[in-house]
Amino acid sequence: MLNRLTDTLNFQTQALSLRAERQRLLASNIANADTPGYQARDIDFARALREATGDLPTAGQMATTARGHMSLPAGALADSQKNYALQAQTNLDSNGVDMDRERASFADNTVKYEATLRFINGAVRTTLDAMKSHNAG
């Protein structure tokens, strides 16, 4: 029982970290909308989540072979996992940011981030309520 709860929370934690990383990328795209030559970046969230949970091998991931080796922080993605966004139209300054797409993606990711937070909060609250009622009897 505890393993299922832990696995569920670990999955949701990974999803939350990836959502935060995606939000950072989208915010960077929006901030650089007027930077000549800037190319918008994004991640394939579903693929990144499968890689983070071990369902899919991570291509090009560095192995830490000694205790002193540093690894990427939780939720951080290697540059190989970040994709360049497809341009809907070309700009004269070679900027690849489509503000309509970036705003829509940012709003969508915000809603999904909030939903993940609510799910984690609900799971923890349910577990705490179950422990209280068990101990109260």
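Rules used in this analysis
- Each chain carries its own residue numbering, running from 1 in the written order of its sequence.
- Side-chain atom pairs in this predicted model are given and counted only at pLDDT of 80 or more, local residue features only at pLDDT of at least 70, and totals for whole chains, interfaces and linings cover all residues.
- Hydrogens and water molecules were not included; the side-chain quantities draw on all heavy atoms of the structure.
- Each aromatic pair joins two rings of Phe, Tyr and Trp (for Trp, the six-membered one) with centres within 6.5 Å, and gets the label stacked for planes under 30 degrees apart, edge-to-face for over 60, and tilted for any other angle.
- Consider the ring centre and the ring normal. A charge sits over the ring if Lys NZ or Arg CZ is within 6 Å of that centre and within 35 degrees of that normal.
- The definition of a nonpolar core used throughout is a set of buried Ala, Val, Leu, Ile, Met, Phe, Trp, Tyr and Cys residues joined through side-chain atoms within 4.5 Å.
- Partly exposed describes any residue whose relative accessible area lies between the buried limit of under 20% and the exposed limit of over 50%, with all areas from a 1.4 Å probe on protein chains only and scaled to the type maximum.
- Labels follow the DSSP assignment, with helices taken as runs of H or I lasting at least four residues and strands as runs of E lasting at least two, numbered in each case from the N terminus.
- Arc, as used here, means the arc of the directions from the helix axis to the C-beta atoms.
- We call two residues in contact whenever any of their non-hydrogen atoms come within 4.5 Å of each other.
- What a helix should span is 1.5 Å times the count of its residues minus one.

The next thing to look at is the packing of aromatic side chains. Two descriptors summarise a pair of aromatic rings, namely the distance from one centre to the other and the angle between the planes of the rings. Going through the model one piece at a time under the given rule, you end up with 0 aromatic pairs. Just above the ring of F45 sits the side chain of R19; from NZ or CZ to the centre is 3.6 Å.

Counting 7 residues, the largest nonpolar core consists of A15, L18, L25, I43, F45, A48 and L49. Elements supplying a minimum of two residues to this core: α1 (2–31) and α2 (45–52).

For α2, every residue scored as buried is listed here: F45, A48, L49 and E51. Seen along its axis, α2 keeps its buried residues to an arc of 160 degrees; they face one direction. For α2, the elements touching its buried residues are α1 and β1 (41–43). Where α2 ends, the next residue or the one after it, G54, has phi of about 85 degrees, a positive value.

All right, on to α1 then. End to end, α1 covers 43 Å across 30 residues, agreeing with the expected 44 Å (1.5 Å per residue, within 8%). Where α1 is concerned, the buried positions are Q12, A15, L16, L18, R19, E21, R22, Q23, L25, L26 and N29.

Unlike most non-glycine residues, S94 shows phi in positive territory, near 65 degrees. Take S94: it is sitting in the loop between β2 (82–84) and α3 (99–136). Residue class for S94 comes out partly exposed when judged on its relative accessible area of 42%.

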